[in-house]
Amino acid sequence: MADIIQLLPDHVANQIAAGEVVQRPASVVKELLENAIDAGASQIKLIIKDAGKTLVQVIDNGKGMSTTDARLSFERHATSKIKTADDLFKLNTKGFRGEALASIAAIAHVELKTKLEEDNLGNTIVIEGSQVASQDIVVTPKGTSISVKNLFFNIPARRNFLKSDTVELRHIIDEFHRVALAHPDIGFALYNNGSETFNLPITNYRQRIVNIFGNKTNEKLVPVEEVTEVLEISGFVCKPEFAKKTRGEQFFFVNNRFIKSAYLNHAVVSAFDGLLKTGTHPSYFLNLTVDPQSIDINIHPTKTEVKFDDEHTLYALLRSAVKHSLGQFNIAPVLDFDHDANLDMPYKYDAKRAGSPNIEVDRSFNPFQEETNSRARAVAYKKEPVTTWESLYVGLESKGTSTPSDFSEVRFESEPETSSMFKNVQDIESARTTYQLHNKYIVSTIKSGMLVIDQHRAHQRILYEDFLKNMTVKEGISQQLLFPLKLPFSANEIEVICQLQDDLQHTGFVFSSHAEDTLEVTGVPVSVPESEVSIILEQLISDVENEVPDSNFSATDLLAKSMAKSLAIKTGQVLQKEEQEHLVNKLFACKEPNTSPTNRTTFVTMSVDELDKKFI
Ligand code: ADP
Ligand code: MG
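Here the residue numbers are simple positions, counted from 1 along each chain's written sequence. Here every chain gets a letter starting at A, and every ligand a number starting at 1, in the order they are written. Residues qualify for local features only when their pLDDT is at least 70, as the model is predicted, and side-chain atom pairs are given and counted only at 80 or more; totals for whole chains, interfaces and linings, by contrast, use all residues. Hydrogens and waters are ignored; side-chain quantities use all the structure's heavy atoms.

**Comments concerning the site of ligand 1**
We count it as follows: By convention in this text, a residue qualifies as near a molecule or strand provided that one of its non-hydrogen atoms is within 4 Å of it. In protein, a polar contact requires one atom able to donate a hydrogen and another able to accept it; more generally it is a pair of N or O atoms within 3.5 Å, and residues adjacent in sequence count only if both atoms are side-chain atoms. Exposure was quantified through the Shrake-Rupley algorithm and a 1.4 Å probe, taking into account, for residues, occlusion by the shown protein chains and nothing else. Using a grid of 1 Å spacing that covers the protein atoms alone, one calls a set of points a cavity when a 1.4 Å probe fits there but cannot get out, and a pocket when the set is open and has protein on both sides within 12 Å along at least five of seven lines; lining residues are those with an atom within 4 Å of a point. A molecule is said to be in a cavity or pocket once over half of its atoms fall within 2 Å of that pocket's grid points. Helix numbering and strand numbering both begin at the N terminus, where a helix is a DSSP run of H or I of at least 4 residues and a strand a DSSP run of E of at least 2. Put simply, Ala, Val, Leu, Ile, Met, Phe, Trp, Tyr, Cys and Pro go in the nonpolar bin, Asp, Glu, Lys and Arg in the charged bin, and everything else, Gly too, in the polar bin.
Neighbouring ligand 1 are 19 residues, the closest being Asn-35, Thr-79, Ser-80, Lys-81 and Gly-98. A distance of 2.9 Å separates a nitrogen atom of ligand 1 from a polar side-chain atom of Asp-60. Within the contact set of ligand 1, an oxygen atom lies 3.2 Å away from a backbone nitrogen or oxygen of Ala-100. When ligand 1 sits alone it has 530 Å² of accessible area, and the protein chains cover 93% of it. Spatially, ligand 1 is embedded in the second largest pocket. Only helix H2 (25-38) and helix H4 (100-106) provide two or more residues apiece to the shell around ligand 1. Tallied by class, residues from the shell around ligand 1 come to seven nonpolar, eight polar and four charged.

Here it is in structure tokens:
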């Protein structure tokens, strides 16, 4: 029989290899960003069109390539990063297989522009489906720009397999976050369909996290540092009270490379033992530095898994480092995270010197001592259960019978000190029911003592339950706008709105049409002022984008939460008596009045007994 084995032509081999390297546009993003980092760039720009299906472009100011290297870079197994098999065991670069560019060029239209610092002119090469279409001299800045267009143009089955733009973009942004988090010393920018989505200046690690995940992240971070002979750990974990329902923000980097490791995740989670509400996941951003010789990153083609020589030691070290940090920084729970200090500081205090803050550190906490300690702390951490709200009101007599002076002895800072607190008896009477403190809290009397309600959170709860109800029974009332609102949004943002359109309509929103970059709104829910529409929708889009669309993701719930957050009366807003009373009544008519939709306490109570104790 004749010989039948033959070598596959290069372009076929490349297409097969491409299947391993390039699963979706986000894989291209990862490879190109990593190449730019390996090239020593300090500024990297990522440009995306149509979730990467039309264009992924990365521009860097790294070292660039010579004419020969530019051409060679698209050959399979062409790499400048390793020379011998030994090099594999001391890798300091992201890439080493020399496969990425060859694979990408096999399944897309690629345009490369590159220039070495010392050269006056650079090179440009256009490759389509592994074939060089042109090669020229160009004027281009130092560094490299690679555009990858029409991904999978020659493999329709793969192209059809891609998910919606929202999902593919989500993957791209995840990849971008991972790379940007691993390299705070490099500036990154991301442009999506022509608009700037991220601009991350060179900074430190903490600030990079905050720049990506928002200002509110800062106060949530607890530093973790540990240096041992085998391992260096640095980074942050989030305080337990900010643990999330989704696993969104969990990042391990080993030698600056993002990895997934269920084993190490377990180490971190177990350090939180007893501190987390069930069903929540702690966020973390942890960098591990180990000797490159002690790991093998070669075991997975997309290189997000690592094999460690001594996993058990890493596990123990990581767990104890995180435990230790949580113990050290177990600052007494902060009462209000939304709190804006400017709002309630009387300005006569402005010039006063601030006293030094009191931080409670649990010095006796020993992370190495097993369980008993953390159990005890877990108990201390749990908030006292609030008695059910119904019992608060039972037996609360109406006017006249209880002591009319419940509040007459209390000094509220916002009142002028000279005149007596209440001008007439009527005021005393109404003050007995509700009182607004610092334009932030509603104080009311209850049978056992007093009740203090956070107006912003309480209103969020009320609106949240209202919206949820409207969406489920589909009965939101809409007010028609005289002139339709034309709101400018990006195509991506409009796509997010379209996906939520049904639910939005049930709350009362009516959309007439949407062009590529404008959304036309003709009706809004009765509770929504016209001027707020754009802010609400923007908030909604950003909430959707920040939520990882996994199994816990419920669009309806997210929408209700987001709208409640945008529309709830804010801290600082003066409320009339009737409004205060209405708020109290509506809150306690809710199904779950005790917490805001984001699980924060809406009210606290203080019994007369507790007050009495304070006067002993
Ligand atoms: P690998 O990164 O595994 O070496 P790639 O196919 O990603 O393989 O890249 C091949 C080679 O092309 C790299 O080794 C590098 O020399 C060169 N190269 C790729 N991208 C860049 C870039 N942005 N700047 C400079 N050189 C690059
Ligand atoms: Mg590479």
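On we go from here.
**Re the sheet that holds strand E4 (residues 122-128)**
Our working rule: Think of it this way: DSSP has to see at least two bridges between two strands before they count as a pair. Here the axes come from fitting lines to C-alpha atoms, over the contacting stretch only for helices, and the angles between their N-to-C directions go from 0 to 180 degrees.
An order of E5-E4-E3-E6-E2-E1-E7-E8 is seen for the eight strands of this open sheet, with the pairing classed as mixed. Here the strands that pair on one side only, and so sit at the sheet edges, are strand E5 (131-138) and strand E8 (195-200). Between one strand and the next, the sheet's axes are offset by a mean angle of 10°, whatever the strand orientation. Examined bridge by bridge, strand E2 (residues 55-60) and strand E6 (residues 143-149) share six bridges and lie antiparallel to one another. Within E6, the position partnered with Leu-55 by the bridge is Lys-149.

**Examining the side chain of Asp-60**
Quick reminder of the rule: Relative accessible area decides the class of each residue, using a 1.4 Å probe on protein chains only: under 20% of the type maximum gives buried, over 50% gives exposed, and in between gives partly exposed. Charge counting follows a simple rule: Lys and Arg are positive, Asp and Glu are negative, and His as well as the terminal groups are ignored. We define a salt bridge as a side-chain nitrogen of Lys or Arg found within 4 Å of a carboxyl oxygen belonging to Asp or Glu. We call two residues in contact whenever any of their non-hydrogen atoms come within 4.5 Å of each other.
With respect to the helices, strands and loops of the structure, Asp-60 is situated in strand E2. Put simply, Asp-60 is tucked away with no salt bridge, and the nearest opposite charge, on Lys-142, sits 7.7 Å away. Within the structure, Asp-60 has its side chain in polar contact with the backbone nitrogen of Gly-62 (distance 2.8 Å). Sequence-distant contacts of Asp-60, defined by excluding residues within four places in its chain, comprise Ala-36, Ala-41, Gln-43, Ile-44, Lys-142, Gly-143 and Thr-144.

**Remarks on empty space enclosed by the protein**
Any empty space left between atoms is shown by rolling a water-sized probe over those atoms. Formally: Grid points are joined across faces, edges and corners, and a volume is the space filled by probe spheres set on the points. Each domain's limits were defined by an automated method or a database of domain assignments.
Evaluation of the coordinates by the stated rule reveals three cavities of 30 Å³ or more. One number sums up the size of the second largest cavity: a volume of about 100 Å³. As for the second largest cavity, its lining consists of 15 residues, and the residues nearest its centre are Lys-30, Glu-34, Arg-178, Val-179 and Phe-258. Broken down by secondary-structure element, the contributors of at least two residues to the lining of the second largest cavity are H2, helix H6 (165-182) and strand E12 (257-259). If one sorts the elements of the lining of the second largest cavity by residue count, H6 sits on top with four residues. Residues belonging to the lining of the second largest cavity are distributed by class as follows: five nonpolar, three polar and seven charged. Both of domain 1 (10-200) and domain 2 (205-328) provide at least three residues apiece to the lining of the second largest cavity.

**Focus on the packing of helix H8 (residues 262-271) against helix H9 (residues 311-328)**
Our working definition: Small angles under 35 degrees read as roughly parallel and large ones over 145 as roughly antiparallel, with 65 to 115 read as roughly perpendicular and the rest as oblique. Helix crossings are classified by the rotation of the near helix relative to the far one: an anticlockwise turn of less than a right angle makes the crossing left-handed, while a clockwise turn makes it right-handed.
Remark: H8 packs on H9, axes separated minimally by 8 Å, with the N-to-C direction vectors making an angle of 30°. What the angle tells us is that H8 and H9 run roughly parallel. Where H8 crosses over H9, the handedness of that crossing is right-handed. Counted together, Tyr-263, Leu-264, His-266, Ala-267, Val-268, Ser-270 and Ala-271 of H8 and Glu-311, His-312, Leu-314, Tyr-315, Leu-318, Arg-319, Val-322, Lys-323 and Leu-326 of H9 form the full contact between these two elements. The class makeup of the residues in the contact of H8 with H9 is ten nonpolar, three polar and three charged.

**Here's the deal with the side chain of Ser-607**
Here Ser-607 lies in strand E22 (residues 603-607). Excluding anything up to four places from it in sequence, Ser-607 contacts Ser-448 and Gly-449.

**Digging into unusual backbone geometry**
The phi angle at Asn-256 is positive, at roughly 65°, despite the residue not being glycine. Inspection of the secondary structure assignment puts Asn-256 in the loop between strand E11 (250-254) and E12. On the basis of relative accessible area, Asn-256 is assigned to the partly exposed category, the value being 40%. The phi dihedral of Asn-439 is positive, around 50°, even though this residue is not glycine. Checked against the element boundaries, Asn-439 lands in the loop between strand E16 (434-437) and strand E17 (441-446). Here Asn-439 falls in the partly exposed class, since its relative accessible area comes to 28%.

**As for helix H7 (residues 205-213)**
Residues of H7 that are buried: Tyr-205, Arg-208, Ile-209, Val-210 and Ile-212. Sitting at the amino-terminal end of H7 is Asn-204, which places a side-chain oxygen 3.4 Å from the backbone nitrogen of Arg-206. Phi turns positive, to about 105°, at Gly-214, one or two residues after H7.

**So, the packing of aromatic side chains**
What counts is decided by this rule: Between rings of Phe, Tyr and Trp, where Trp is taken as its six-membered ring, a pair exists when centres lie within 6.5 Å; planes separated by under 30 degrees are stacked, by over 60 edge-to-face, and by other angles tilted.
Going through the model one piece at a time under the given rule, you end up with 13 aromatic pairs. On the basis of an interplanar angle of 35° and a centroid distance of 5.6 Å, the ring pair of Phe-176 and Phe-198 is categorised as tilted. Here Phe-176 is found in helix H6, whereas its partner Phe-198 is found in strand E8, with 22 residues between them in sequence. For the pair formed by Phe-176 and Phe-198, the shared burial category is buried. Taken together, a centroid distance of 5.9 Å and an interplanar angle of 65° make the contact between Phe-253 and Phe-258 edge-to-face. In this pair, the class of Phe-253 matches that of Phe-258, namely buried. Linked through ring pairs, Phe-213, Phe-251, Phe-253, Phe-258 and Phe-285 together constitute an aromatic cluster.

**Things to note about the confidence of the model for the protein chain**
Which entries qualify depends on this criterion: Confidence scores per residue from the predictor, reported as pLDDT, run from 0 to 100.
Put simply, the protein chain has an average pLDDT of 79, and 80% of its residues get 70 or more. For the stretch residues 548-553, pLDDT sits under 50, and the model shows eleven contacts to residues farther than four places along the chain or on other chains.

**Details of the nonpolar core**
Which entries qualify depends on this criterion: The nonpolar core is taken to be a set of buried Ala, Val, Leu, Ile, Met, Phe, Trp, Tyr and Cys residues, with the residues joined through side-chain atoms within 4.5 Å.
Ranked by size, the top nonpolar core spans 59 residues in total, and within it Leu-32, Ile-44, Leu-46, Val-148, Phe-188 and Phe-285 carry the most contacts. Each of domain 1 (10-200) and domain 2 (205-328) contributes no fewer than three residues to this core. Non-local contacts of Phe-188, meaning those with residues more than four positions away in its chain, are made with Ile-37, Ile-44, Phe-176, Val-179, Ala-180, His-183, Phe-198, Asn-199, Leu-200 and Arg-208. Membership of the second largest hydrophobic core comes to 32 residues, among which are Tyr-464, Leu-481, Ile-494 and Leu-500.

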